[in-house]
Amino acid sequence: MPLAGVRVVEFCHVAAGPFCAMLLADYGAEVIKLEPLEGDGLREWPPHSDGYSENFASLNRGKQSMALDLKREAHRDQARRLMLDADVIVENNRPGVMQRLGLGWDWIGPLRPDLIYCSISAFGQDGPRAAEGGFDLTIQAAAGVMSVTGEADGAPVKCGVPIADFTAGLYAAFTIAALVSRVRAGGPGGHVDVPMFAATLAVSALQTSQFFGTGTDPGKLGSAHPRNAPYQAYPARDGWFAIAAGNNKLWMSVCDVVAIDGLADDARFKTTGGRALHQGALAQALEQRFREAPVSHWLARFGEAGVPCAPINSYSHALDDMQASHLGLVRPMTLPNGHVTRTVGCPVRLDGRPVEVDTRPPALGGAPQAQFSPRPVKRTDASRR
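Quick caveat, the model's predicted, so the values are computed rather than measured.

Novice: Help me understand the overall build of the chain in this model?
Specialist: Each helix and strand in the chain was counted, giving 16 helices and 15 strands. Seen through its C-alpha atoms, the chain measures out along the principal axes to roughly 80 × 50 × 40 Å. Out of the 385 residues belonging to the chain, those deemed buried represent 44%. Relative to all contacts within the chain whose residues are 6 or more apart in sequence, the contacts with residues 24 or more apart total 70%. Accessible surface, the chain: about 19,200 Å² in total, of which carbon and sulfur atoms supply 57%.

Structure representation (structure tokens):
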């Protein structure tokens, strides 16, 4: 595995940090999760299977757990010993917490210049909002996501998937992997600062570029697209489906399928820009036709025409999709209590095969410290002090 031999010590809770460390575990890193004596708060989140949280399991597979009370000096000493022998530290506490515990980059950086120390927080390690906390909801609100999510005349809506958490986790894991490559080449590690606020703005590239280019804030369009049409969800006779005709060729295929007199020749809809500008009128014309037949009819017709389309799946239907089966996404997972459930594994394929991951999540404090003996790894002179 690409990260085999890399030891990660995780001081994280809930989502962004645990997700980051789990991605590293998926690629072969050894992850030691240090939890408070009562455990990561995510362990309390339902659903529980025989007392074990499936939410927690979904973000902590392939890890080992040690329970420590970091208010106790003896337990902080245990944490320091683990940190000094690690390659990567991941923490998602508020800025200043790790420093006050004597576990911050300010302590370990001079001792271990080859160490990669990643801090994930709401707004970053410094600046006017650094001391503020944040959860996915408040970061989506602060970073503008909720201003473009939902129907135009509706109340503010968050994205149903916690994108602020997972975007920060992805940026963190990507940067850690990049620095692992630098360290392996003989370079230094470093302190990685991942603000959830910044990461969420960074993936809003189309929205921020619209503002930079026009001086106007993008608005809410429901499932529609500001620059393409038809490119949204539509009601059929028995439900909803989505089509994405993102260019003129696909638009002409839509016209062939719906067979509405004069639609292809309507001057308002001749170009991508024109269709986007007049998408309200376009949607009205299409919806009237779509309501004449069931979802299955339109999916079959658009599929035959090569127009990207999909039903509005529930998660049960998405997980049961034949492509999900082909990709090997759903994997068995055995919880520490012996309960067998399922999880979604690594979505990436390497050399034509799914990445095989250890799906087992840890029991709280299930890994004794004696298991983590110092490794015979060559360090720099500074790291030995």
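Novice: Would you mind showing me how to read the environment of Gly-274 here?
Specialist: By secondary structure assignment, the location of Gly-274 is in helix α11 (residues 272-277). For Gly-274, a relative accessible area of 13% puts it in the buried group.

Novice: Hey, could you run me through the environment of Phe-302 in this one?
Specialist: Here Phe-302 shows up in helix α13 (residues 295-305). Given the relative accessible area of 0%, Phe-302 is considered buried. The spacing of Phe-302 and Leu-250 is 52 residues in sequence and 9.8 Å in space, taken between C-alpha atoms. Beyond its immediate chain neighbours, meaning those up to four positions away, Phe-302 contacts Phe-241, Ile-243, Val-254, Val-257, Val-258, Phe-290, Val-307 and Cys-309.

Novice: How should the packing of aromatic side chains be read in this particular structure?
Specialist: Note on aromatic pairs: each is described by the distance of the centres and the angle between the planes. In this structure the tally under the stated criterion is 12 aromatic pairs. Each ring, one from Tyr-52 and one from Phe-56, has its centre 6.0 Å from the other, and the planes form 70 degrees; the classification is edge-to-face. For Tyr-52, a relative accessible area of 8% gives the class buried. Centre to centre, the rings of Phe-123 and Phe-197 are 5.4 Å apart; their planes meet at 45 degrees, and the pair counts as tilted. Here Phe-123 is found in the loop between β7 (116-121) and α6 (136-142), whereas its partner Phe-197 is found in helix α8 (residues 196-202), with 74 residues between them in sequence. The exposure class assigned to Phe-123 is buried, which follows from its relative accessible area of 13%. By relative accessible area, Phe-197 is classed as partly exposed at 26%.

Here is what the cut-offs are and how they apply
- Residues numbered from 1 in each chain as written.
- Predicted model: local features only at pLDDT ≥ 70, side-chain atom pairs only at ≥ 80, totals over all residues.
- Heavy atoms only, no water.
- Helix = DSSP H or I, 4+ residues; strand = E, 2+ residues; numbered from the N terminus.
- Buried < 20%, exposed > 50% of the residue type's maximum accessible area, 1.4 Å probe, protein only.
- Contact = heavy atoms within 4.5 Å.
- Areas by Shrake-Rupley, 256 points an atom, 1.4 Å probe, with all protein chains shown as cover.
- Phe/Tyr/Trp six-rings, centres within 6.5 Å; stacked < 30°, edge-to-face > 60°.

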